[in-house]
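Descriptive analysis of the structure
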Amino acid sequence: MKCMDKYKVSAADTWLWSVARHEDVEDILDLVAENYESEIDGILTANRPRMAYHLHRGILEQTFEPQKQLITIARDKTTQRLIAWAWLERGKYTVYAPEEMAVAEFLHVALDQTPRTKVTLCAQALLQWIDACERCAIPVLCSTTIREDQQAFIKLHQRMGFKIRGSFAYKRI
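Here the structure is a predicted model, which means the values were calculated and not measured. (Residues numbered from 1 in each chain as written. Predicted model: local features only at pLDDT ≥ 70, side-chain atom pairs only at ≥ 80, totals over all residues. Heavy atoms only, no water.)

Some details on the packing of helix 1 (residues 25-35) against helix 2 (residues 48-64)
At a minimum axis separation of 10 Å, helix 1 and helix 2 run at an interaxial angle of 135°. Taken together, helix 1 and helix 2 sit at an angle that is classed as oblique. Helix 1 and helix 2 meet at a crossing whose hand is right-handed. Contact residues: Val25, Glu26, Ile28, Leu29, Asp30, Val32 and Ala33 in helix 1; Arg48, Met51, Ala52, Leu55, His56 and Ile59 in helix 2. Classifying every residue of the contact of helix 1 with helix 2 gives 9 nonpolar, 1 polar and 3 charged. (Axes fitted to C-alpha atoms, helices over the stretch in contact; angles between N-to-C directions. Helix = DSSP H or I, 4+ residues; strand = E, 2+ residues; numbered from the N terminus. Parallel < 35°, antiparallel > 145°, perpendicular 65-115°, else oblique. Left-handed = near helix turned anticlockwise from the far one by under 90°. Contact = heavy atoms within 4.5 Å. Nonpolar A, V, L, I, M, F, W, Y, C, P; charged D, E, K, R; others polar.)

Focus on the pairing of strand 2 (residues 69-76)
Of all the 8 residues making up strand 2, 8 are buried; the element is thus mostly covered by neighbouring parts of the structure. Here strand 2 shows no split at all, with Gln69, Ile71, Ile73 and Arg75 on one side and Leu70, Thr72, Ala74 and Asp76 on the other all buried. The sheet contact formed by strand 1 (residues 15-19) and strand 2 spans 5 bridges and is antiparallel. Paired with Trp15 across the strands is Asp76, a residue of strand 2. Sheet analysis places strand 2 next to strand 3 (residues 82-94), joined by 7 bridges and oriented antiparallel. In the strand pairing of strand 3, Thr72 is matched with Ala86. (Buried < 20%, exposed > 50% of the residue type's maximum accessible area, 1.4 Å probe, protein only. Pairing = 2+ DSSP bridges.)

Focus: the nonpolar core
Judged by nonpolar contacts, the single largest core of 32 residues is most densely connected at Leu88, Leu121, Trp129, Leu141, Leu156 and Met160. When residues of this core are traced back to their parent elements, those giving at least two are strand 1, strand 2, strand 3, strand 4 (97-109), helix 3 (115-136) and helix 4 (151-159). Here this core takes 10 residues from helix 3, the largest share from any one element. (Core = buried A, V, L, I, M, F, W, Y, C linked by side-chain atoms within 4.5 Å.)

Just geometry here; none of it tells us what the structure is for.
Rendered as structure tokens:
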């Protein structure tokens, strides 16, 4: 994965990644509403209070049991605007295999970012997830997408060594 070194978090980045806190929830919900709710239109009904509840619960669990959840955010260093967030949860299993999986719940990047910035932020989130799986000895990482335009996202996973099955990307850790 040497080719992915160019995506590592750097002091030269114009944003800073951190673990999400309760104070970040409203900004996360705003980013979701502005950029991603349209992805579920006609399929599911977005419910802001429900999402807030689950985010707060996840952040609380992450605070006391950091090996169970990883909810991170990226904020612009100058404006403090939230430009990306990601959520990984462990303890998932399929009905046909005994290996534990860490499953990506969300990875959202503000759509007004440049294509290069969007790819870099996504790659950095994926690298964080891989690192979390390695630290916690989670054998499989699974990332999925419901986006209509998913080619670049899936291609990034492939470049990072994931196996692609439909819109699911799996990586053996």
